[in-house]
Structure formats: C-alpha cells, structure tokens
Amino acid sequence: MKYVVREKMFAVGDDYWVEDEHGRRAFYVDGKVLRIRDTLEIQDAEGNEVAVIHQKLLSLRDAMTIERGGQTLVTVKKKRLAFLREVFRAELASGEELEIRGDLIDKEYDIEYEGERLARISRRWFTLRDSYAVDVEREDADAGMLLAIAVCVDHIVAKEHDSD
C-alpha cells in the first residue's frame, strides 16, 4: 500500500491528511501548537492515535521519538560510523533495530529489518515536487509506524541541511 506524504510535513500547527494510493484519507496529521518541543500526532482515519512524534531534547545528535499510548516505541537517529552514505536507524523499544538507507535527501530510500525491506520511500512516483510516497511492502507491517519513521527522517535531514 502506498501513502502520499507532503514533504517537510513536520510544521507545528500544520494539520492535513495523508492519503492512500486510491485518494482515500488514511492518516490525519495534527501539528501541535504551543509546545516546548516539536510535536506531531498521527491518527488513523477513525481518529485513533497511531503515533506521537517528539523531537528529543538534550541529545548529542538529532533524534526523535515515536510514542503510542504514552510509551516510547521507537527512537530515530543518524547511525554513527556510517561511511559513504547517510544511514539512520530506528531503535525499537524491544531492542531490535530498523535500518534506513539510501538517498535520504532526494527521498529514495528503504526502511529495512534484518535486510528485508519493509517500506520504500520515493519521490519518483509523483510529479508534485513537495510530495513523496511511503510504499509499505509487507501486509503485516505497522504502516502508521513506518510513516512516522519516514517523517522523523525527513525532519532530521531537513534540519541538518538547513543549518549547512
């Protein structure tokens, strides 16, 4: 299943819908205003919380956390000692790790678990400059969580390149 995501969607106060490949509303993105740190809530089409994303404060490297039901599920950050290419990792609360590798700036990358691709993030399918797709390849994968991970990577990469 493919989902259409607006680039740099981590705008505080910015609310909008993420649609599936058929144009149906799949996830609602609610940028929370008046918070100490960037916060974004993702809900499914029925209004159920799928993920709450926070920028991690007091971190040596940019990192973001993804929570559900008040529990931290994933921490997304740039992988240390990644030679030649930017590689991110998503550390799950269970101790497992997802790798995010590819062309992060141009939005052509994969989210993998133990070498198996769970999702492909790509701008290639769209003529709209400010959109990209999150193509969830496994039916048993948590689409909302993979979408939240892509949002975190987008935010951290944009922040790094805006400061250059």
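Residues numbered from 1 in each chain as written. Predicted model: local features only at pLDDT ≥ 70, side-chain atom pairs only at ≥ 80, totals over all residues. Heavy atoms only, no water.

A. Structural detail: the overall build of the protein chain. A tally of regular secondary structure across the protein chain gives one helix and twelve strands. N-terminal to C-terminal, the α/β element order of the protein chain is β-β-β-β-β-β-β-β-β-β-β-β-α. Going through the 164 residues of the protein chain one by one, you find that 49% of them count as buried. Taking as baseline every contact in the protein chain between residues at least 6 positions apart, the subset at least 24 positions apart corresponds to 29%. (Helix = DSSP H or I, 4+ residues; strand = E, 2+ residues; numbered from the N terminus. Buried < 20%, exposed > 50% of the residue type's maximum accessible area, 1.4 Å probe, protein only. Contact = heavy atoms within 4.5 Å.)

B. Highlighting the sheet that holds strand 2 (residues 15–20). An order of 1-2-3-4-5-6-7-8-9-10-11-12 is seen for the twelve strands of this closed barrel, with the pairing classed as antiparallel. In this sheet, neighbouring strand axes are inclined to one another by 20° on average, regardless of whether the strands run parallel or antiparallel. With six bridges joining them, strand 10 (residues 108–113) and strand 11 (residues 116–122) adopt antiparallel strand pairing. Across the sheet, the residue bridging to Glu108 is Ser122, located in strand 11. (Pairing = 2+ DSSP bridges. Axes fitted to C-alpha atoms, helices over the stretch in contact; angles between N-to-C directions.)

C. Highlighting the layout of surface pockets. If you add up the space inside the largest pocket, you get close to 290 Å³. Lining the largest pocket we find 16 residues, and of these Leu92, Leu98, Leu118, Asp142 and Met145 sit closest to its centre. Within the residue set of the lining of the largest pocket, elements represented by two or more residues are strand 7 (71–78) and helix 1 (143–162). Here the lining of the largest pocket is built from residues that sort into eleven nonpolar, no polar and five charged. (1 Å grid on protein atoms, 1.4 Å probe; cavity = no way out; pocket = protein on both sides within 12 Å on 5 of 7 lines; lining within 4 Å. Points joined across faces, edges and corners; volume = space filled by probe spheres on them. Nonpolar A, V, L, I, M, F, W, Y, C, P; charged D, E, K, R; others polar.)

D. Representation of the side chain of Glu99. Within the secondary structure, Glu99 is located in strand 9 (residues 97–103). If we skip the residues at most four places from it in the chain, Glu99 touches Lys79, Val87, Phe88, Asp110, Ile111 and Glu112.

E. Geometry of the pairing of strand 4 (residues 39–44). The buried fraction of strand 4 amounts to six of the six residues, a majority that puts the element mostly inside the structure. Here strand 4 shows two buried faces, one formed by Thr39, Glu41 and Gln43 and the other by Leu40, Ile42 and Asp44. Note that strand 4 and strand 5 (residues 49–55) share five bridges and pair antiparallel. Of the residues in strand 5, the one forming a bridge with Ile42 is Ala51. Hairpin remark: strand 4 followed by strand 5, antiparallel, with four residues in the connecting loop; positive phi at Gly47, about 90°.

F. Structural view of the pattern of salt bridges. Tallied over the full model, the rule gives 14 salt bridges. Between Arg117 and Asp110 there is a salt bridge, with the nearest N and O atoms lying 3.2 Å from each other. Classification of Arg117 as partly exposed rests on a relative accessible area of 34%. Between Asp140 and Arg138 there is a salt bridge; the shortest N-O distance is 2.5 Å. On the basis of relative accessibility, which here comes to 59%, the residue Asp140 falls in the exposed class. For Arg138, a relative accessible area of 28% corresponds to the partly exposed category. (Salt bridge = Lys/Arg side-chain N within 4 Å of Asp/Glu carboxyl O.)

Honestly, it's all geometry; don't read function into it.
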